[in-house]
Amino acid sequence: MNKDAYLLAKEIVTKQFKSQGEFNNYYGESEFKKYIEDTEYSLSYLFEAIDASSPDLFADYISWERIFLVNLGFPEERLKERLEIMEDVIIKNLPPKKSSVAVKYIEESIDNLAIPSNYASFVNADKPLVKLLEQYLKLLLDGDRHSAGKMITEAVDNGISVKDIYLHVFQSSLYEIGRLWQENKITVGQEHYFTAATQLIMSQLYPYISMNEKTGKVLVAMSVSRELHEIGVRMVADFFEMDGWNTFYLGANTPKDSIIQTIISKKADLVLISATIGSHIGEVIDLIRSVRGCSECSDPKIIVGGYPFRIDMDLWKKVGADGQAEDAETAVEMGEKLVMENYNEF
């Protein structure tokens, strides 16, 4: 985050501490720096949302933050006060053109605070493989990855497809773990363990994935720079592998130059870019521009995915992609269609 965002955040927090004696007593001077960091993070979401012309991104972040803070025991009205002070500070410090847009986005988020906010569980009785999903959640929350892994491989050996395991067990469980962490029902350690264990169990299924005949089409997939969340895009890359694509998964936080070189050397037909955090949309835009401007690249089609693209369904157009997919199945379908369009042009 840039210096300007830090200075704005410091001014916002200083004003709120001075104007609210009980706030100062609640949060404490020892947490002053932490609250500046939290406010700076909110500003980063705001500025990314403005750059992407997407007020939904900021509104969704404030909704998320609201649930997270309330479940920590943080008074909800303090969040509204911070947003109101944020407006005043932005009006004073930013040029009118940018401040007017920022205020509009903040006002929409303040209005949304009047609406009850709650994220429903991703474990529902009417979902496929719900019993397997429930047991998987229980085993990993108990720290038993060995039993969880054995249960999954036995399920596949007994005829459940790897794709169904990915969609209805891994994906749903990770969404549920995120919800539980947001509501302060599990610790950061539990959330990290769950994700790491799921990645390990996914690797145990690779012998089942790599048996399919190759089609010759090439995918390069990655999370953008600064993005540390990678399991979602890895799952999507595995779906392409299961459909016979040659996939080159570059992981998280890969430098842009290395991504471009891989696209060139592998002659990629399709590039899959993931971002799970709204404040990283600028990185997506920058990477897509670099791919489009690369004369040595093979003119690949580009699909984007991740949480922000589910919040704003038109965001893929704004960042310059060829499409966005809500899940791994639709990503493969879209990838096949886009690449065939490329082939038909020649």
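Above: the structure in question.
Residues numbered from 1 in each chain as written. Predicted model: local features only at pLDDT ≥ 70, side-chain atom pairs only at ≥ 80, totals over all residues. Heavy atoms only, no water.

Comments concerning the overall build of the protein
The number of helices and strands found in the protein is 17 helices and five strands. For 346 residues, the compact-globule estimate of 2.2 N^0.38 gives 20 Å, and the C-alpha radius of gyration of the protein, at 22 Å, lies within 12% of that figure. For the protein, the C-alpha atoms occupy an extent of roughly 65 × 50 × 30 Å along the three principal directions. Every one of the 346 residues in the protein was classed for burial, and the buried ones make up 49%. Treating the 36 positive side-chain charges of the protein as one cloud and the 54 negative ones as another, the clouds have centres 3 Å apart. (Helix = DSSP H or I, 4+ residues; strand = E, 2+ residues; numbered from the N terminus. Rg over C-alpha atoms; globule rule 2.2 N^0.38 Å. Buried < 20%, exposed > 50% of the residue type's maximum accessible area, 1.4 Å probe, protein only. Lys, Arg positive; Asp, Glu negative; His and termini not counted. Charge placed at Lys NZ, Arg CZ, Asp CG, Glu CD.)

Observations concerning the state of the cysteines
Summed over the entire model, instances satisfying the criterion amount to one disulfide. Paired by a disulfide, Cys-294 and Cys-297 hold their sulfur atoms 2.5 Å apart. The sign of the 90° torsion about the S-S bond sets the Cys-294-Cys-297 disulfide as right-handed. We note that Cys-294, like Cys-297, is buried. (Disulfide = S-S within 2.5 Å.)

Concerning the environment of Ala-325
Tracing the sequence through the fold places Ala-325 in the loop between strand 5 (323-324) and helix 17 (328-344). Taking the C-alpha atoms as reference points, Ala-325 and Tyr-61, 264 residues apart in sequence, are found 21 Å from one another. Not counting residues up to four positions away in its chain, the partners in contact with Ala-325 are Ile-303, Val-304, Gly-305, Thr-330 and Ala-331. (Contact = heavy atoms within 4.5 Å.)

Digging into the pairing of strand 4 (residues 301-305)
Looking along a regular strand, one sees the side chains alternate between the two faces of the sheet. With five of five residues buried, strand 4 lies mostly within the body of the structure. Burial along strand 4 is two-sided: Lys-301, Ile-303 and Gly-305 and Ile-302 and Val-304, pointing in opposite directions, are all buried. The parallel pair strand 3 (residues 270-274) and strand 4 is bridged by helix 14 (residues 281-292), and the resulting crossover is right-handed. When strand 4 meets strand 5, the two strands line up parallel, connected through two bridges. Along strand 5, the bridge assignment pairs Val-304 with Gln-324. (Right-handed = clockwise from strand over helix to strand, strands pointing away. Pairing = 2+ DSSP bridges.)

As for the pattern of salt bridges
Applying the stated criterion across every chain yields a total of 18 salt bridges. One salt bridge in this structure joins Glu-76 and Arg-66, with 3.0 Å as the shortest N-O distance. One end of the pair, Glu-76, is in helix 5 (residues 76-93); the other, Arg-66, is in helix 4 (residues 55-70), and 10 residues separate them in sequence. Judged by relative accessible area, Glu-76 falls into the partly exposed class, the value being 29%. For the salt bridge of Lys-318 with Asp-312, the shortest nitrogen-to-oxygen distance reads 2.8 Å. By relative accessible area, which is 38% here, Lys-318 ends up partly exposed. (Salt bridge = Lys/Arg side-chain N within 4 Å of Asp/Glu carboxyl O.)

Some details on the sheet that holds strand 4
The five strands lie next to each other as 2-1-3-4-5, forming an open sheet whose pairing is parallel. The strands lining the two open edges of the sheet, one partner per strand, are strand 2 (246-249) and strand 5. Against the sheet, helix 13 (residues 256-266) touches strand 1 (218-223), strand 2 and strand 3, its axis set at about 170° to strand 1. Contacting strand 1, strand 3 and strand 4, helix 14 runs over the sheet at an angle of about 170° to strand 4. (Axes fitted to C-alpha atoms, helices over the stretch in contact; angles between N-to-C directions.)

Function-wise, these values are silent; they only describe arrangement.
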